[in-house]
Amino acid sequence: DAKTTQPPSMDCAEGRAANLPCNHSTISGNEYVYWYRQIHSQGPQYIIHGLKNNETNEMASLIITEDRKSSTLILPHATLRDTAVYYCIVRANFGNEKLTFGTGTRLTIIP
Amino acid sequence: NAGVTQTPKFQVLKTGQSMTLQCAQDMNHNSMYWYRQDPGMGLRLIYYSASEGTTDKGEVPNGYNVSRLNKREFSLRLESAAPSQTSVYFCASSGYSALGEQYFGPGTRLTVT
């Protein structure tokens, strides 16, 4: 799996959009970008994934640069319950390729 | 539909003792995984099972064994526990689909003294 780089921590005001960056400069053509989060030592929770197009679901939006070397996860209206560690992971999407977790970004939502 | 369940939730062992962590999923997923998470660290893969009847080593398999009992259940065994195995253990499962997301259980917090 390609290596990802994320800032160790970020703060965001409640109600504002939280933008979490991720660098994955060595990503290869068949690798997707996945985002998971872990709230207070619970099991990680899947958020979203994408290959090269921007993606949106009920939880978040994922913006991938045209060269695919970086991406941004956007939580449009952050709430206190979004306080968590967010992991950006790249992996090939065939079979059941395993996930490789880094240390992620600790996002704190400020009231 | 309970998703992924793990037992026990907490366990304290003495060095040298053995135990088995249980994991079950009710989503008819083919693949199952065991991870450990040490304080302040990301998750590291111990073992995984791509399908019933197969198991493979992950990043940190030493000191562990696994059994894929059937499609639903995947157990992790510590034969002789060591303090270095103090950690939180997460089980996960995923279906064989293009989406590929993994669903995680609530974790087992293990302390080895």
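Moving on to the interface of chain B and chain A. Every contact between the two is made by 24 residues of chain B and, on the other side, 20 residues of chain A. When chain B packs against chain A, the two sides together hide about 1600 Å² of surface, and 50% of this comes from carbon and sulfur. The largest contributions to the chain B side of the interface with chain A come from Leu43, Gln102 and Phe104 of chain B, which together make up 25% of the buried area. Across the chain B-chain A interface, the total number found is 0 salt bridges.

All right, on to the sheet that holds strand β1 (residues 4-7) of chain B then. Residues and elements named next belong to chain B. Ordered by their spatial adjacency, 4 strands build an open sheet running β1-β3-β8-β7, and the pairing between neighbours is antiparallel. The open sheet has two edge strands, β1 and β7 (64-68), and neither has a second partner. Taking each pair of neighbouring strands and ignoring which way they run, the sheet shows an average axis angle of 20 degrees. Pairing analysis gives 5 bridges linking β7 to strand β8 (residues 74-78), with the strands arranged antiparallel. Among the inter-strand pairings, Val66 is bridged to a residue of β8, identified as Leu76.

So, on to the state of the cysteines. Here a disulfide denotes a covalent bond joining the sulfur atom of one cysteine to the sulfur atom of another. Summed over all chains, the structure comprises 2 disulfides over all chains. Paired through a disulfide, Cys22 of chain A and Cys88 of chain A show a sulfur-sulfur distance of 2.1 Å. Residues Cys22 of chain A and Cys88 of chain A are joined through a disulfide that is left-handed, its torsion about the S-S bond being -80 degrees. Note that Cys22 of chain A is positioned in strand β2 (residues 18-23) and Cys88 of chain A in strand β8 (residues 84-92), a separation of 66 residues in sequence. Residue Cys22 of chain A shares its accessibility class with Cys88 of chain A, and that shared class is buried. Two residues, Cys23 of chain B and Cys91 of chain B, share a disulfide whose sulfurs are 1.8 Å apart. Taking the sign of the S-S torsion, about -75 degrees here, the bridge from Cys23 of chain B to Cys91 of chain B comes out left-handed. Within this pair, whereas Cys23 of chain B is found in strand β3 (residues 19-25), its partner Cys91 of chain B is found in strand β9 (residues 87-94), the two being separated by 68 residues in sequence.

So, how was this worked out
Residues numbered from 1 in each chain as written. Chains lettered and ligands numbered in written order. Predicted model: local features only at pLDDT ≥ 70, side-chain atom pairs only at ≥ 80, totals over all residues. Heavy atoms only, no water. Contact = heavy atoms within 4.5 Å. Buried area = accessible area lost by both parts, 1.4 Å probe. Salt bridge = Lys/Arg side-chain N within 4 Å of Asp/Glu carboxyl O. Pairing = 2+ DSSP bridges. Helix = DSSP H or I, 4+ residues; strand = E, 2+ residues; numbered from the N terminus. Axes fitted to C-alpha atoms, helices over the stretch in contact; angles between N-to-C directions. Disulfide = S-S within 2.5 Å. Buried < 20%, exposed > 50% of the residue type's maximum accessible area, 1.4 Å probe, protein only.

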